[in-house]
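# Descriptive structure summary
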Amino acid sequence: MKTNRRCRALLAVSLNLMALLFSTTAFITTHWCEGTQRVPKPSCGKEKKTNCLNYGGNETANGTNQNVVHYSWETGDDRFLFRYFHTGIWYSCEENINAAGEKCRSFIDLAPASEKGVLWLSVVSEVLYIMLLVVGFSLMCLELFHSSSVIDGLKLNAFAAVFTVLSGLLGMVAHMMYTQVFQVTVSLGPEDWRPHSWDYGWSFCLAWGSFTCCMAASVTTLNSYTKTVIEFRHKRKIFEQGFREEQNFLDQEAIKYFRERTEEERAEAGDLRLQCLHSCSPN
């Protein structure tokens, strides 16, 4: 029983730790959503000769650069670049088409004014989610390594399960609120940011993986708690049943003993009476 409880506690601690690592990584990274943005090509210059618009057309006429596109109304999508971008809770970063690297801006500033309150509520929920995971993890570690008795371990187990379940619910709400804010920002956000196509990134997968691990840890902890309680109740029932049987046996033995003693006393009293009659009768 003790080995099984320890194995279940160790599994719950491992799942909670994974949830904590996944949620923290997702919270600080910027790959919740990623895709491409359609932006106009910049003008060609001395330093920019590819993927640009040549208004003069001199370089194309000389045949020195085949990638330069003439500016005309018939070029369609040739006038645009599709740059990669990725967005997190805090920042949105996109590929810099004029230089190497990326440029980032605050996603909170990009969100529409009507959604800023929901976004901040999502941020607060994510922070509370991580904090409750830390509390649950600490309680599970205390129950695993520093529990002095089974009763204390059960109390820690119950509190850890409650905190872990609450953290999972907060995490689910936070992820859903962020998804809602991002979808609204795609439709109503700044023109120079709106994605041409997008999908969820690995940070988003980590966030929901963290939620999955968190709920698995809470289920494991609750299972450990209920299983231990059921085992104790079963053992108590067996003990009480054995005690009752033993008590009944002792009662029967006592009744038998007193009955035999009573019969012996009656027999002795009868013998004394007979002796008295013989001694007191006249010759």
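Summarised in this report is the structure supplied together with it. This is a predicted model, so every value here is computed, not measured. (Residues numbered from 1 in each chain as written. Predicted model: local features only at pLDDT ≥ 70, side-chain atom pairs only at ≥ 80, totals over all residues. Heavy atoms only, no water.)

### Section: the nonpolar core
How we decide: Side-chain atoms within 4.5 Å link the members of a nonpolar core, which is a set of buried Ala, Val, Leu, Ile, Met, Phe, Trp, Tyr and Cys residues. Relative accessibility under 20% of the residue-type maximum defines a buried residue, over 50% an exposed one, and the middle range a partly exposed one, all with a 1.4 Å probe and only protein chains included. Under the DSSP-based scheme used, a helix requires at least four consecutive residues in state H or I and a strand at least two consecutive residues in state E, with every element numbered from the N terminus. Contacts are assigned to residue pairs with any non-hydrogen atoms lying within 4.5 Å of each other.
Core analysis: the largest hydrophobic core is formed by 28 residues, its most contacted members being Trp32, Phe107, Leu119, Tyr178, Phe182 and Trp193. At the level of secondary structure, the elements contributing two or more residues to this core comprise helix H1 (2–28), helix H3 (107–110), helix H4 (116–145), helix H5 (150–188) and helix H6 (202–280). For this core, the leading source of residues is H6, giving 6 residues. Those residues in contact with Phe107, other than ones at most four positions away along the chain, are Thr87, Gly88, Ile89, Trp90, Tyr91, Ser92, Leu119, Tyr178, Val181, Phe182, Thr185 and Trp193. Formed by 11 residues, the second largest nonpolar core is a distinct cluster that contains Ala12, Phe137, Leu144 and Ala160.

### Notes on empty space enclosed by the protein
Convention followed: Cavity: a set of points on a 1 Å grid over the protein atoms alone where a 1.4 Å probe fits but cannot get out. Pocket: an open set with protein on both sides within 12 Å along at least five of seven lines, its lining residues, like those of a cavity, having an atom within 4 Å of a point. Grid points are joined across faces, edges and corners, and a volume is the space filled by probe spheres set on the points. As a working rule, the residues Ala, Val, Leu, Ile, Met, Phe, Trp, Tyr, Cys and Pro are called nonpolar, Asp, Glu, Lys and Arg charged, and the rest polar, with Gly in that last group.
Within this structure, the stated rule accounts for 1 cavity of 30 Å³ or more. What the largest cavity holds in volume is close to 50 Å³. Surrounding the largest cavity, 13 residues form its lining, Ala12, Met140, Glu143, Asn157 and Thr221 being those nearest its centre. Put simply, the parts of the chain that give the lining of the largest cavity at least two residues each are H1, H4, H5 and H6. Considered class by class, the residues forming the lining of the largest cavity number 7 nonpolar, 4 polar and 2 charged.

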